[in-house]
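Okay, here's what each chain looks like letter by letter:
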Amino acid sequence: MSTQQPKISLSGAQKPFFFGVDVGGTNIKIGLVDDLGRTLAFDSVPTNEPAGPQQAVEQAARKCRELAASLDIAWSEIPRVGLGAPGTMCLKRGLLLEPPNLPHWSNFPIQQALAEAVEHPVSFINDANAAAFGEFWVGTGAQNDSLALLTLGTGVGGGFICDGRLIKGHNSFGSEAGHIIVDSRPDARLCVWGGGRGHLEAYASASAVAAIAKERLDAGAKSTLQSLLKHQDAEITAKQVYLAAKDGDAFALELIDETAIYLAIGITSTVHTVDPGLVVLGGAMNFGGPNCPVGKRFLHGIVNEFKQRTFPNVFAGTRLDFASLGGDAGYIGAAGIARQDFRREQ
């Protein structure tokens, strides 16, 4: 695994430096950035979830030290480390509570564990909030004082920044846009994680797109994707829906258009709540992004639906766009939160 960010030389970097640690279900991304958010070094370690969180924390700490040593950077030149992790958490106590994709990590004091391993203070934040801060600091939102980020992947994550400050929430559940209600019917779909009925991620996540596609194909919908159902071990994925749409498959294009409508409903509720001026779409499910006709159609569909559901002045003052940092937003944003906390302490 590698970073998409260009690496700068130590001679061109601006001190102090900060590590960002981005915990995922499969890998933990670790990046060292300078005071301007530029990457000096990057690597990753396997999460190895069944082995538990302590071994993962120790691996991440060792990798941080290795990266610093490889650049001949003294440990004292890195005053703070940022940590982004998924799932429910208690930020005040530094605990992971019940992260769905890390079942062996429940009720783990991850902030303290990492702080002890790296012998530095650690800033702890939800992974989607970390990604939002990365886009806010040096990504799509770099010229804005506020933004809302929705990450479209297995679920739908969210991060809101208002006037430079993350909305964390009393229960460490602030900015969870994936759990906005977009369908109030009693038989509405269930979301990927917690089983919430009618939540945005039940309609606009990669898991939802795959599940809806399979249900409709099983019911006889006409599509080139039908050929996949003939293979016993084949799975329908959001990526396959995207590839079919690229080839002009009407079923796939219709499903992507429908996904755009549900996203626009969630975005409208978000904008009407925090009025960020900028809504950024991140995560792996971008249907090709800004450089692909399907991605452009997806974003255009969201914008059009948003226009129908909001006020003219709000529409005119709100930009919707794709994220620009890709999978690097998490570690960059975690480092950025560490930088912000360090500056407040000075």
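Residues numbered from 1 in each chain as written. Predicted model: local features only at pLDDT ≥ 70, side-chain atom pairs only at ≥ 80, totals over all residues. Heavy atoms only, no water.

Caption draft 1: Expanded view of the overall build of the protein chain. Secondary structure assignment for the protein chain yields 10 helices and 12 strands. Since a compact globule built from 346 residues should have a radius of gyration of about 20 Å, the 20 Å found for the protein chain is in line with a globular shape. Based on the C-alpha atoms only, the size of the protein chain along its principal axes is roughly 60 × 50 × 40 Å. Here the protein chain, with 346 residues, has 56% of them falling under the buried criterion. Looking at the protein chain alone, contacts between residues at least 24 apart form 62% of all its contacts between residues at least 6 apart. Entry remark: accessible area of the protein chain is about 15,200 Å², with carbon and sulfur atoms responsible for 50%. Charged side chains in the protein chain number 29 positive and 35 negative. The centres of these two groups are separated by 3 Å. (Helix = DSSP H or I, 4+ residues; strand = E, 2+ residues; numbered from the N terminus. Rg over C-alpha atoms; globule rule 2.2 N^0.38 Å. Buried < 20%, exposed > 50% of the residue type's maximum accessible area, 1.4 Å probe, protein only. Contact = heavy atoms within 4.5 Å. Areas by Shrake-Rupley, 256 points an atom, 1.4 Å probe, with all protein chains shown as cover. Lys, Arg positive; Asp, Glu negative; His and termini not counted. Charge placed at Lys NZ, Arg CZ, Asp CG, Glu CD.)

Caption draft 2: Empty space enclosed by the protein, seen in detail. Under the criterion given, the structure shown has 1 cavity of 30 Å³ or more. In this model, the largest cavity occupies a volume close to 60 Å³. Taken together, Val-21, Val-23, Ile-28, Ala-56, Val-57, Ala-60, Leu-83, Trp-105, Ile-110 and Leu-114 make up the lining of the largest cavity. Every element with two or more residues in the lining of the largest cavity is listed here: strand E1 (18-23), helix H1 (53-70) and helix H2 (110-118). With 3 residues, H1 is the single largest residue contributor to the lining of the largest cavity. Broken down by class, the residue content of the lining of the largest cavity amounts to 10 nonpolar, no polar and no charged. (1 Å grid on protein atoms, 1.4 Å probe; cavity = no way out; pocket = protein on both sides within 12 Å on 5 of 7 lines; lining within 4 Å. Points joined across faces, edges and corners; volume = space filled by probe spheres on them. Nonpolar A, V, L, I, M, F, W, Y, C, P; charged D, E, K, R; others polar.)

Caption draft 3: Structural detail: the packing of aromatic side chains. Here the structure, examined in full by the defined rule, presents 7 aromatic pairs. Ring geometry for Phe-287 versus Phe-298: centroids 4.8 Å apart, planes at 80°, classification edge-to-face. With a gap of 11 residues between them, Phe-287 in the loop between strand E11 (278-282) and helix H8 (293-309) and Phe-298 in helix H8 connect regions that are remote in the sequence. The same class applies to Phe-287 and to Phe-298, which are both buried. Each ring, one from Phe-306 and one from Phe-315, has its centre 6.0 Å from the other, and the planes form 45°; the classification is tilted. The exposure class assigned to Phe-315 is partly exposed, which follows from its relative accessible area of 23%. (Phe/Tyr/Trp six-rings, centres within 6.5 Å; stacked < 30°, edge-to-face > 60°.)

Caption draft 4: Region of interest: the nonpolar core. One finds Phe-19, Val-21 and Ile-30 to be the most contacted residues of the largest nonpolar core, which totals 61 residues. With residues near it in sequence (within four places) discarded, Val-21 still touches Ile-28, Lys-29, Ile-30, Ala-60, Cys-64, Val-81, Gly-82, Leu-83, Gly-84, Leu-114 and Ala-334. In terms of nonpolar packing, the next biggest core, distinct from the first, is built from 53 residues, Tyr-203, Ala-213, Ile-256 and Leu-281 among them. (Core = buried A, V, L, I, M, F, W, Y, C linked by side-chain atoms within 4.5 Å.)

Caption draft 5: Here's a closer look at helix H6 (residues 238-246). Taken together, the buried positions of H6 are Ala-238, Val-241, Tyr-242, Ala-244 and Ala-245. Buried positions in H6, seen along its axis, are confined to an arc of 165° and lie on one side of it. Those residues of H6 that are buried lie in contact with helix H5 (206-218), helix H7 (250-274) and H8. With its phi angle positive at about 90°, Gly-248 sits one or two positions after the end of H6. (Arc of directions from axis to C-beta.)

Caption draft 6: Layout of the layout of surface pockets. Quantified by volume, the second largest pocket comes out at close to 230 Å³. Around the second largest pocket sit 17 residues that line it, and Leu-91, Lys-92, Phe-124, Ile-125 and Lys-168 are the ones nearest its centre. Among the secondary structure elements, those contributing two or more residues to the lining of the second largest pocket are strand E5 (89-90), strand E7 (122-126) and helix H10 (329-345). Ranked by residue count, the leading element in the lining of the second largest pocket is E7, at 4 residues. Split by residue class, the lining of the second largest pocket holds 7 nonpolar, 6 polar and 4 charged.

Caption draft 7: Representation of the packing of helix H3 (residues 127-138) against H10 in the model. It is the contact of H3 with H10, at a shortest axis distance of 6 Å, that shows an interaxial angle of 80°. Here H3 lies roughly perpendicular to H10, going by the angle between them. Contacts from Ala-130, Ala-131, Phe-133, Gly-134, Glu-135, Trp-137 and Val-138 of H3 reach H10 at Ala-329, Gly-330, Ile-332, Gly-333, Ala-334, Ala-335, Gly-336, Ile-337, Arg-339 and Gln-340. For the contact of H3 with H10, the residue count by class is 10 nonpolar, 5 polar and 2 charged. (Axes fitted to C-alpha atoms, helices over the stretch in contact; angles between N-to-C directions. Parallel < 35°, antiparallel > 145°, perpendicular 65-115°, else oblique.)

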